[in-house]
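As a plain string of letters, each chain reads:
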Amino acid sequence: MNAQLLQPAFVDPGLDAQRSFRAALKALAEPGLIQPLPAAPHLEGLAPATYALCLGLLDADTPLWLAPSFDTPLIRANLAFHCGCPLAARREDAVFALLGEHDLHDLSGFDHGNDRYPDQSCTLLVQLSDLDSGRGLNWSGPGIQAQRQVSLPLPQAFWLERQRREAFPRGLDVLFGAGHYLLGLPRSTRVAEECA
């Protein structure tokens, strides 16, 4: 590993990683509500929230698959050093996957879990430009009272891929990050067109 590539991570690694982990859990428990991550660090190529999610969720037991746009020597070196996570060469072997908006047209290959162990599915960490632009969609399900309107800048292909592959309790949980904020989309959330 090239030590010159290493950059600082959390100021207080233990406490800040716990905060990031709790923010991720809260984002999945309250789908569609934006959660702040004020202490998130910066790493070139990753939004602070995306990097904070990596630092809070990844460890030696969580293989990570990197989309090509994130597969840089800098990101590889810092995730290996600060998280200790192995990098998966194949989507099928990943517990987490790091993706951008342009990587969402094809979700094939990621582990959707099984009926007996749905929790063993892959979780997608998706970096976006923001969390409040795009077509308004109505979300409903656990953690949402009635429904919640969410407007993410996602391609229609993502929603079609998600719909095609969801078979609750199997499915993919998604954490979206932008700037210093994150938003969760668990597999249990139903997404519908906004009524005119």
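Relevant structure appears above.
Because the structure is predicted, anything quoted here is derived from the model rather than measured.

Definitions and cut-offs
For every chain, the first residue of the written sequence is number 1, and numbering continues from 1 onward in sequence order. Per-residue local features of the predicted model are confined to residues with pLDDT of at least 70, and side-chain atom pairs are confined, for both listing and counting, to 80 or more; whole-chain, interface and lining totals are unaffected and use all residues. Side-chain figures throughout are based on the complete set of non-hydrogen atoms in the structure, without hydrogens or water. Strands here are runs of E lasting at least two residues and helices are runs of H or I lasting at least four, both read from the DSSP assignment and numbered beginning at the N terminus. Summary of the burial criterion: residues with accessible area below 20% of their type's maximum are buried, those above 50% are exposed, and those between are partly exposed, where the area comes from a 1.4 Å probe applied to protein chains only. Shrake-Rupley sampling with a 1.4 Å probe provides the accessible areas, and residues are treated as covered by the protein chains on show and by no other component. Just so you know, the count uses Lys and Arg for positive and Asp and Glu for negative, and it drops His and the chain ends. The atoms used to mark charge sites are NZ of Lys, CZ of Arg, CG of Asp and CD of Glu. Here the arc refers to the set of directions running from the helix axis out to each C-beta atom. Contacts are assigned to residue pairs with any non-hydrogen atoms lying within 4.5 Å of each other. Any two of the Phe, Tyr and Trp rings considered here, Trp counted by its six-membered ring, make a pair once their centres fall within 6.5 Å; the pair's planes then place it as stacked at under 30 degrees, edge-to-face at over 60, or tilted in between. Remark: a charge is flagged as sitting over a ring if the NZ atom of Lys or the CZ atom of Arg is within 6 Å of the ring centre and within 35 degrees of the ring normal.

J.: Describe the overall build of the protein, listing the residues and the values that go with them.
T.: Each helix and strand in the protein was counted, giving four helices and nine strands. Reading the protein from its N end, one meets helices and strands in the order α-β-α-β-α-β-β-β-β-α-β-β-β. By its C-alpha atoms, the protein is 55 × 30 × 30 Å across when sized along the principal axes. Expressed as a percentage of its 196 residues, the buried residues of the protein come to 51%. Surface accessibility of the protein: about 9,600 Å² in total, with carbon and sulfur atoms responsible for 53%. When the 15 basic and 22 acidic side-chain charges of the protein are each reduced to a single mean position, those positions are 5 Å apart.

J.: Explain helix α4 (residues 156–165) to me, and be specific about the residues and the numbers.
T.: Since the α-helix advances by 3.6 residues per turn, residues separated by three or four positions end up pointing in the same direction. The complete set of buried residues in α4 reads F158, W159, E161 and R162. The buried side chains of α4 occupy one side of the element, clustering within an arc of 160° when seen end-on. Facing away from the buried side of α4 by over 90 degrees, the exposed positions are Q163 and R164. Considering only its buried residues, α4 is in contact with β5 (137–140), β7 (173–178), β8 (181–185) and β9 (190–193).

J.: Can you tell me about helix α3 (residues 73–82), naming the residues and giving the values?
T.: What α3 keeps buried is the set L74, I75, A77, N78 and L79. The inward-facing, buried residues of α3 contact α2 (48–57) and β2 (64–66). Once α3 finishes, G84 follows within two positions and takes phi at roughly 70°, a positive value.

J.: Pulling in residues and values, what's your account of the packing of aromatic side chains?
T.: For the coordinates displayed, the defined rule picks out four aromatic pairs. Note on W65 and F110: the rings are 5.6 Å apart at their centroids and 75° apart in plane angle, and the pair reads as edge-to-face. With a gap of 45 residues between them, W65 in strand β2 and F110 in the loop between β3 (96–100) and β4 (123–127) connect regions that are remote in the sequence. F110 shares its class with W65; the two are buried. Centroid distance F158 to W159: 4.9 Å. Interplanar angle 70°. Geometry classified as edge-to-face. As far as the burial class goes, F158 and W159 line up, both buried. What links up through ring pairs into an aromatic cluster is the set W139, F158, W159 and F176. It is R91 that lies over the ring of W65; its NZ or CZ is 4.8 Å from the centre.

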